[in-house]
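Each chain is listed here by its residues.
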Amino acid sequence: MTVTNNISRVYFIGIGGIGMSALARYFMQRNVIVSGYDRTPSEITTSLEKEGAMIHFEENTELIDRAANLVVFTPAVPSEHKELVWYNTNGYSVKKRSEVLADVTREGFNICISGTHGKTTTTTLTSFILRESGMGCNAFLGGISVNYDTNYWGGDYKINVVEADEYDKSFLRLSPDMAVISAVDADHLDIYGDVGKMRDAYVDFAKRIRHEGFLLTKFGLQIPVGTFHNHLTYSLQNESADIRGYDIRMEEGGYHFSISGPGWRMKDFRIEMGGMHNVENAIVAITLAFKCGVSEDKIRESVAAFRGVKRRFEYIIGVKQARLNKNNVVFIDDYAHHPEELRALLKGAKSLFNDRYITVIFQPHLYSRTRDLHEGFAEVLSMANQVILLPIYPARELPIEGITSELISLQIKNKRVSIVDRENLTEWISEKYIPSLPNALAGDVLITAGAGNIDRLVDPIKNKLLNQ
């Protein structure tokens, strides 16, 4: 990885993004001076500042690094952003995040994990197994590893494990040696136009696999990957898949399971995460590590030690802690912002806690996604006993007339649905939710979900539940 040659200073526009911050950490590890802009402070920007990055939160060309050798921007930043315009106008080397990620991984052995769902947990667990086994890797993650509290780690390793992001067609710049496609459900239609074009992009991604490479796809995906010579399918339990789980059983918020592949079996794994979809994610990570040459024993030990990804079925208050608390509420936080992600989240919660009352607090993400998928959101949220909707988080978008959270609420079959302003949510928790909790031994499950800024309410909600 020689992209840092002759680069001493890098400036990031949108440095607080999950993908951008991983690249910032890559450069800082190589003693490159890193600075940047983001719209608002966050846990990520605070961590980056502690690690040595210089960050400001005002769109101001007087505060930029005019000595930067490279300027990196996220496509979430508008083209008229003052700092981006200044760098482009003045002849600097300006690249998208995806271009730089492609540059830094071009010379390595690349394990690229794609899909509309499941890729963050799978990428993190794969990287974790390689690191814990002693093989090592450079990990570029789309979430924060709970074990290491970071979304990047690396060194002088040949192997790169990369979360291959379909947004803005970023993954079509990568050069995989091993590739995974986990799901191709409709998403980012503002980029692709329709689901057919989005799925075509996944076919193009598979075509980028290097000679003698390996492709692993979820069984039953509706994409024509053709007759790729080294292609296997996986499934949670479908016996028609090449690789599948068996002997799966739930226990104390986690799972025990075994795996069967072509001519091999591995038994007695334990993963401390909720949701059967995470067992399926583990099947993928275990397969990739096995194909990289990691021993079965080291894989088993690593999976058992894995504590997941922040905001991926993350236990904020787990089963054991909930039992010690008066209200006995298990509190789960998740990044789910697509109907199928919510479906996996709720199915996992209902399978693990089928005797508990489930309340979901959901913040829709993007007006366009709400417009395109509101019926799917309503259908899935109807699985919960109670639903609280926050107003739509706009992110990069301007409002669309007639598109509000009410569009979802009106179609939810469960009558216990309300819309609560974000700034009033903790008050709702203390004045409405906690007083309504029964003193039943079974307890309740509270879930917060969404990709906006709902995550900043997690700690206040936790404090309310623990200090009622």
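Here, residues in each chain are numbered from 1, in the same order as that chain's written sequence. Only residues with pLDDT of at least 70 get local features here, since the model is predicted, and only at 80 or more are side-chain atom pairs given and counted; chain-wide, interface and lining totals rely on the full set of residues. Working from all heavy atoms in the structure, the side-chain values ignore hydrogens and water.

S.K.: Where do I start with the overall build of the chain in this structure?
M.R.: Under the DSSP-based scheme used, a helix requires at least four consecutive residues in state H or I and a strand at least two consecutive residues in state E, with every element numbered from the N terminus. Helix and strand content of the chain: 15 helices and 21 strands. Relative to its length of 468 residues, the chain is compact, with a C-alpha radius of gyration of 22 Å against a globular reference of 23 Å. Seen through its C-alpha atoms, the chain measures out along the principal axes to roughly 65 × 60 × 40 Å. Note on classification: 1.4 Å probe, protein chains only; a residue is buried when its accessible area is under 20% of the maximum for its type, exposed when over 50%, partly exposed between these limits. Among the 468 residues that make up the chain, the fraction classed as buried is 57%. Should any heavy atoms of two residues lie within 4.5 Å, those residues are counted as being in contact. Pairs at least 24 apart in sequence give 64% of the contacts found in the chain among residues at least 6 apart. Carbon and sulfur atoms make up 46% of the accessible area of the chain, which totals about 19500 Å². Our radius of gyration is a C-alpha quantity, and the globule rule it is checked against amounts to 2.2 Å times the number of residues to the power 0.38. Each accessible area is a Shrake-Rupley result for a 1.4 Å probe, and residues are judged covered by the shown protein chains and nothing else.

S.K.: Mind showing me how you'd approach the pairing of strand β10 (residues 178-181) here?
M.R.: Residues in a regular strand project their side chains so that they alternate between the two faces of the sheet. Burial along β10 is two-sided: Met178 and Val180 facing one way and Ala179 and Ile181 facing the other are all buried. Two strands make a pair as long as DSSP finds a minimum of two bridges between them. In terms of strand pairing, strand β6 (residues 109-114) meets β10 through four bridges, oriented parallel. Paired with isoleucine 111 across the bridge in β10 is methionine 178. Note: β10 against strand β11 (residues 214-218), four bridges, orientation parallel. Pairing of alanine 179 across the sheet is with leucine 215, part of β11.

S.K.: Any chance you could explain unusual backbone geometry here in plain terms?
M.R.: Trans is the common state for peptide bonds, and a negative phi is the common state for residues other than glycine. Unlike most non-glycine residues, aspartate 149 shows phi in positive territory, near 55 degrees. Relative to the helices and strands, aspartate 149 is located in the loop between β7 (138-145) and β8 (150-153). Look at aspartate 149 and you get partly exposed, because its relative accessible area is 48%. Phi at asparagine 328 takes a positive value of approximately 55 degrees, unusual for a residue other than glycine.

S.K.: Help me out: how do you make sense of the sheet that holds strand β16 (residues 314-317) in this one?
M.R.: Where strands meet in a sheet, backbone hydrogen bonds hold them as pairs that are either parallel or antiparallel. Across the sheet, six strands lie side by side as β16-β17-β21-β18-β19-β20; this open sheet has mixed pairing. Looking along the sheet, the strands with just one partner apiece sit at the ends: β16 and β20 (417-419). The average undirected angle you get between the axes of adjacent strands in this sheet is 20 degrees. For helices, the fitted axis covers only the stretch in contact; all axes are lines through C-alpha atoms, and the angles between them, taken along N-to-C directions, range from 0 to 180 degrees. With respect to the sheet, helix α14 (residues 425-436) is in contact with β17 (329-334), β18 (357-362), β19 (386-389) and β21 (444-449), its orientation differing from that of β18 by roughly 160 degrees.

S.K.: What am I meant to see in helix α2 (residues 43-51) here?
M.R.: For the α-helix, the turn length of 3.6 residues means that residues three or four positions removed from each other point alike. Of the positions making up α2, those classed as buried are Ile44, Thr45 and Leu48. When α2 is viewed along its axis, its buried side chains cluster within an angular range of 95 degrees and face the same direction. Residues Glu43 and Lys50 are exposed on α2 and point more than 90 degrees away from its buried face. Buried residues along α2 sit in contact with α1 (18-29) and β3 (54-56). Of the residues flanking the end of α2, it is glycine 52, one or two places downstream, whose phi is positive at about 120 degrees. Directions from the helix axis toward the C-beta atoms define the arc.

S.K.: Is there a simple way to think about the environment of valine 72 in this case?
M.R.: Its place among the elements puts valine 72 in strand β4 (residues 70-73). Taking the C-alpha atoms as reference points, valine 72 and proline 438, 366 residues apart in sequence, are found 52 Å from one another. Discounting residues that sit within four places of it in the chain, valine 72 has contacts with Val10, Tyr11, Phe12, Ile13, Met20, Lys95, Lys96, Arg97 and Val100.

S.K.: Teacher, can you tell me more about the sheet that holds β8 here?
M.R.: Strand order in the open sheet formed by ten strands is β8-β7-β9-β6-β10-β11-β12-β13-β14-β15, with mixed pairing between adjacent strands. Two strands in the sheet have a free side with no partner beyond their single neighbour: β8 and β15 (264-271). Each neighbouring strand pair of the sheet contributes to a mean axis angle of 15 degrees, computed without reference to strand direction. Pairing geometry for β11 and strand β12 (residues 231-235), over four bridges, is parallel. Within β12, the position partnered with lysine 218 by the bridge is tyrosine 234. In this fold α1 packs onto β7 and β8, with an angle of close to 40 degrees to the strand it touches most, β8. Contacts from helix α11 (residues 339-352) reach β13 (243-251) and β14 (254-261), with the element oriented near 115 degrees to β14.

S.K.: Sorry, what's going on with helix α8 (residues 276-291) here?
M.R.: Expected span, for any helix, means 1.5 Å times one less than how many residues it has. Between its terminal C-alpha atoms α8 stretches 23 Å, which fits the 22 Å expected from 16 residues at 1.5 Å a residue. Within α8, twelve of the 16 residues are buried, which leaves it mostly tucked inside the rest of the structure. Those residues of α8 that fall on the buried side of the exposure criterion are Asn278, Val279, Glu280, Asn281, Ala282, Ile283, Val284, Ala285, Ile286, Thr287, Leu288 and Ala289. Glycine 293 lies just past α8 and shows a positive phi near 100 degrees.

S.K.: Quick question: what am I supposed to make of the packing of helix α5 (residues 119-132) against helix α9 (residues 296-305) here?
M.R.: Relative orientation and spacing of two packed helices are given, respectively, by the angle between their axes and the distance between those axes. Where α5 contacts α9, the axes come no closer than 9 Å and their chain directions differ by 125 degrees. Taken together, the axes of α5 and α9 are oblique relative to one another. Note on packing geometry: the crossing formed by α5 with α9 is right-handed. Contact with α5, carried on its side by Leu125, Phe128, Ile129 and Glu132, involves Ile299, Ser302, Val303 and Ala305 of α9 and no other residues of that element. Partitioned by chemical class, the residues of the contact of α5 with α9 number six nonpolar, one polar and one charged. Note on angle classes: values under 35 degrees are labelled roughly parallel, values over 145 roughly antiparallel, values of 65 to 115 roughly perpendicular, and the remainder oblique. Here a crossing is taken to be left-handed if its near helix is turned anticlockwise relative to the far helix by less than a right angle, and right-handed if that turn runs clockwise. The nonpolar class holds Ala, Val, Leu, Ile, Met, Phe, Trp, Tyr, Cys and Pro. Asp, Glu, Lys and Arg form the charged class, and all remaining residues, Gly among them, are polar.

S.K.: What is the right way to look at the packing of aromatic side chains in this model?
M.R.: To describe a pair of aromatic rings, you give the distance between the ring centres and the angle between the ring planes. Ring pairs are drawn from Phe, Tyr and Trp, using the six-membered ring of Trp, whenever the two centres fall within 6.5 Å, and their geometry is named by plane angle: stacked under 30 degrees, edge-to-face over 60, tilted for the rest. A complete count under the given rule lists 19 aromatic pairs for this structure. Ring plane angle 80 degrees and centroid distance 5.0 Å describe the contact between tyrosine 87 and tyrosine 92, whose orientation is recorded as edge-to-face. Assessed through its relative accessible area of 0%, tyrosine 87 is described here as buried. A relative accessible area of 22% places tyrosine 92 in the partly exposed class. Their ring planes at 85 degrees and their centres at 4.8 Å tell us that tyrosine 148 and tryptophan 153 sit as a pair that is edge-to-face.

S.K.: Sorry if this is basic, but what is going on with the side chain of aspartate 333 here?
M.R.: Inspection of the secondary structure puts aspartate 333 in strand β17. Owing to a relative accessible area of 2%, aspartate 333 belongs among the buried residues under this scheme. Side-chain polar atoms of aspartate 333 contact the side chain of arginine 311, separated by 2.6 Å. Here aspartate 333 is in contact with Arg311, Arg312, Phe313, Glu314, Ile316, Thr448 and Val458, once residues within four sequence places are set aside. By the criterion applied in these results, polar contacts are pairs of N or O atoms within 3.5 Å in which, for protein atoms, one can donate a hydrogen and the other can accept it, and in which residues neighboring in sequence qualify only through two side-chain atoms.

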